[in-house]
Amino acid sequence: GVGVHGGSGVSFGVIEALRALRPREELELVHRLDRETSGCLLVARRRSALRTLHELIREGQVEKRYLTLVKGHWNLGHTRIDVPLRTDIRVGGERTVKAHASGKEAVSEFRPVQWFGKRATLMEVALHTGRTHQIRVHSAHVGYPVAGDEKYGDEAFNQSLKAFGLNRMFLHAHSVSFEWPQG
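Residues numbered from 1 in each chain as written. Predicted model: local features only at pLDDT ≥ 70, side-chain atom pairs only at ≥ 80, totals over all residues. Heavy atoms only, no water.

Moving on: the overall build of the protein chain. Within the protein chain one finds four helices and 10 strands. From first element to last, N terminus to C terminus, the protein chain shows the α and β order α-β-β-β-α-β-β-β-β-β-β-α-α-β. The C-alpha atoms of the protein chain give 17 Å as radius of gyration, which agrees with the globular expectation for 183 residues (16 Å, within 12%). Its C-alpha atoms give the protein chain principal-axis dimensions of roughly 50 × 35 × 35 Å. Within the span of the protein chain, comprising 183 residues, buried residues form 36% of the whole. Counting contacts in the protein chain only where the partners sit at least 6 residues apart, residues at least 24 apart contribute 58% of the total. Accessible area of the protein chain: about 10900 Å², with a carbon and sulfur share of 50%. The positive charge centre, built from 27 side chains, and the negative charge centre, built from 20, are 2 Å apart in the protein chain. (Helix = DSSP H or I, 4+ residues; strand = E, 2+ residues; numbered from the N terminus. Rg over C-alpha atoms; globule rule 2.2 N^0.38 Å. Buried < 20%, exposed > 50% of the residue type's maximum accessible area, 1.4 Å probe, protein only. Contact = heavy atoms within 4.5 Å. Areas by Shrake-Rupley, 256 points an atom, 1.4 Å probe, with all protein chains shown as cover. Lys, Arg positive; Asp, Glu negative; His and termini not counted. Charge placed at Lys NZ, Arg CZ, Asp CG, Glu CD.)

What follows is the structure, given as structure tokens:
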């Protein structure tokens, strides 16, 4: 529920809090997470490390994996979703993203981890691109919206999960990995 940086109506975020705790360091965010997403976040302690990590990301050398709970019994198996995403003009200040042929390339790889009957499926998702709301939009596009997602999700499904204590979006960045270049 905390943004990674200030802006969009938020006065501070994770990076501002870290800088306040370590005022002598040049801390910089390597990448972002949506405010509703929990999990791993890379922070560089030096500009040189930031540049190296950004280059690794551009070259597709950083692997990001997420865990998410989706509505229904996922029956697509291990699936690669290669559907372009277009960011639409903000409606009422909110950014929305659509699966659309005129969008930018977006590739996600979904793998079922555990089924909960017909109600839901726990999924691991590997991102091959890093578009805004990519997992949420791809998941909803194939008919399995992310649990607790108020923007692209299923309102009735989200409401039913509150009885189990889920009061937020179930999307968690559970691993970020890369090999540091030698040299």
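Looking now at the sheet that holds strand β10 (residues 171–177). The mixed open sheet is built from six strands, whose spatial order is β2-β10-β4-β9-β8-β5. In this open sheet, the two edge strands, each paired with only one partner strand, are β2 (38–39) and β5 (79–82). Against the sheet, helix α3 (residues 134–141) contacts β4 (63–71), β5, β8 (107–116), β9 (120–127) and β10, and its axis sits at roughly 70° relative to β8. (Pairing = 2+ DSSP bridges. Axes fitted to C-alpha atoms, helices over the stretch in contact; angles between N-to-C directions.)

Right, let's get into the pattern of salt bridges. Summed over all chains, the structure comprises 13 salt bridges. We note a salt bridge from glutamate 63 to arginine 65, for which the minimum N-O separation is 3.1 Å. A relative accessible area of 24% places arginine 65 in the partly exposed class. For arginine 86, the salt bridge goes to aspartate 88, with nearest N and O atoms at 2.9 Å. (Salt bridge = Lys/Arg side-chain N within 4 Å of Asp/Glu carboxyl O.)

Let us now look at the layout of surface pockets. By volume, the second largest pocket amounts to about 770 Å³. Taken together, 28 residues line the second largest pocket, and the ones lying closest to its centre are Lys64, Leu127, Thr129, Gly130 and Arg131. At four residues, β4 tops the list of elements feeding residues into the lining of the second largest pocket. A breakdown of the residues in the lining of the second largest pocket according to their chemical character gives nine nonpolar, 10 polar and nine charged. (1 Å grid on protein atoms, 1.4 Å probe; cavity = no way out; pocket = protein on both sides within 12 Å on 5 of 7 lines; lining within 4 Å. Points joined across faces, edges and corners; volume = space filled by probe spheres on them. Nonpolar A, V, L, I, M, F, W, Y, C, P; charged D, E, K, R; others polar.)

For histidine 138, the location among the structural elements is in helix α3. Given a relative accessible area of 0%, histidine 138 falls into the buried group. At a separation of 2.9 Å, a polar atom in the side chain of histidine 138 contacts the main-chain carbonyl oxygen of valine 83. In terms of polar contacts, histidine 138 uses its side chain to reach the side chain of serine 108, at 2.8 Å. Setting aside residues up to four positions removed in sequence, histidine 138 forms contacts with Ile81, Val83, Leu85, Ala106, Val107, Ser108 and Phe110. (Polar contact = N/O pair within 3.5 Å; in protein donor to acceptor, adjacent residues only side chain to side chain.)

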